[in-house]
Amino acid sequence: MLWYRGTTCCGDVGASCCGVGRRTPVAWDDKPESALSHPYCFADTSLNEFVDAHQPELENPFGMDEQCTNCPGLCDVRENVVHGYGDVGGEFLFIAERPHTGADETGIPFTGDAAGERLQSILGDLGFVRTEPDAAEPDMQNAYCTYLTRCRHPERPPTETEIDTCEPYLNAEIRMINPQILVPIGQRVLESLATEYTTRRPDSFDIDTEHATTVRGRGFELVPMLELDRQTDADREAFVDHVVSNVFSRDYRQTKGRQSR
Ligand code: SF4
């Protein structure tokens, strides 16, 4: 089985593009011969040359510095620098404030603890992962997970200075992925993204009110989510229902504009 990578399809239908549509799985035997010259349209998990042409790996795919020491107060107490993970062609970018304890230990975002399993479960319900919520290396498609700061202090949240210091990593990911939807997880991330991508004052946002809604921004839509460790099962269901009923059901890609972050 091969997987059509709709987010990177060239769209040159009628010439040599597959043109079969977004995220449609197709059998290798059904692949047009011309697809051999279109590695971005097809990815075969058994054929490294196609995978490599699209994305070398899900973990830290942009090869960011895994020994970063830019924050003196974090680099001696963290277990791992937890850079982003997922599909570099993803339309959805999930952003939390900092790694949870599990990710700090594993080095892979949203794994190794209950908070990670909750997000993986949500991603699974939305069709973004095909692995179980407790998978050590989630098989992610069309989504990418990252943080405001990639290092965790065990006893406190990051300072504003640390968030500012780590911001270039996030900016680079947003610029290279260029997603359609940003999912800020928690109040602090919501305020940070609102500063950059909406015309509202950041302090006008309340994550309890904005959870599972769509906020129109500049270049992106924001779909805020409550902090994972604060979510009830009802909160979780509300988020999934909102994305399925109000985001997937329309062509959210039409709202997209290029951003310059
Ligand atoms: S939080 Fe970001 S900038 Fe600071 S040390 Fe970690 S990776 Fe580097």
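Here the structure is a predicted model, which is why all the values come from computation and not from measurement.

**A closer look at the nonpolar core**
So, point 1. Counting 52 residues, the largest nonpolar core has Leu 93, Phe 94, Ile 95, Ala 143, Leu 182, Val 183 and Ile 185 as its most contacted members.
So, point 2. Looking at this core, the elements with two or more residues in it are β5 (92–96), α3 (114–125), β6 (143–147), α4 (160–177), β7 (181–184), α5 (187–197) and α7 (233–247).
So, point 3. If you tally residues by element for this core, the top one is α4, at 6 residues.
So, point 4. Beyond its immediate stretch of four places on either side in the chain, Phe 94 contacts Leu 119, Ala 143, Cys 145, Val 183 and Ile 185.

**Details of the site of the ligand**
So, point 1. Taken together, 14 residues form the shell around the ligand, and within it Cys 68, Asn 70, Cys 71, Cys 151 and Cys 166 come nearest.
So, point 2. Looking at side-chain class alone, the shell around the ligand contains 8 nonpolar, 4 polar and 2 charged residues.

**Section: the pairing of β7**
So, point 1. What you see with β7 is no split at all: Ile 181 and Val 183 on one side and Leu 182 and Pro 184 on the other are buried throughout.
So, point 2. As judged from the 4 bridges shared by β5 and β7, these two strands associate in the parallel manner. Residue pairing for β7: Ile 95 is matched across the bridge by Pro 184.
So, point 3. Two elements, β7 and strand β9 (residues 221–222), share 2 bridges in a ladder whose sense is parallel. Residue pairing for β9: Leu 182 is matched across the bridge by Leu 222.

**Things to note about the environment of Asn 178**
So, point 1. Mapped onto the elements, Asn 178 comes out in the loop between α4 and β7.
So, point 2. As a C-alpha pair, Asn 178 and Phe 92 span 86 residues in sequence and 9.3 Å in three-dimensional space.

The rules behind the values
All residue numbers here refer to positions counted from 1 along the written sequence of the relevant chain. Only residues with pLDDT of at least 70 are given local features in this predicted model, and only at 80 or more are side-chain atom pairs given and counted; all residues enter the totals for whole chains, interfaces and linings. Among buried residues, those of type Ala, Val, Leu, Ile, Met, Phe, Trp, Tyr and Cys that are joined through C-beta atoms within 7 Å form a set called a nonpolar core. As a rule, residues whose C-beta atom has 12 or fewer other C-beta atoms within 10 Å are exposed, those with 20 or more are buried, and those in between are partly exposed; C-beta atoms are placed from the backbone. Strands here mean DSSP runs of E at least two residues long; helices mean DSSP runs of H or I at least four residues long; both are numbered from the N terminus. By the convention adopted here, residues make contact when the C-beta atoms placed from their backbones lie within 7 Å. The criterion for a residue being near a molecule or strand is a backbone-placed C-beta atom within 6 Å of that molecule or strand. Polar here means any residue other than Ala, Val, Leu, Ile, Met, Phe, Trp, Tyr, Cys and Pro, which are nonpolar, and Asp, Glu, Lys and Arg, which are charged; Gly is therefore polar. When DSSP finds two or more bridges between a pair of strands, those strands are recorded as paired.

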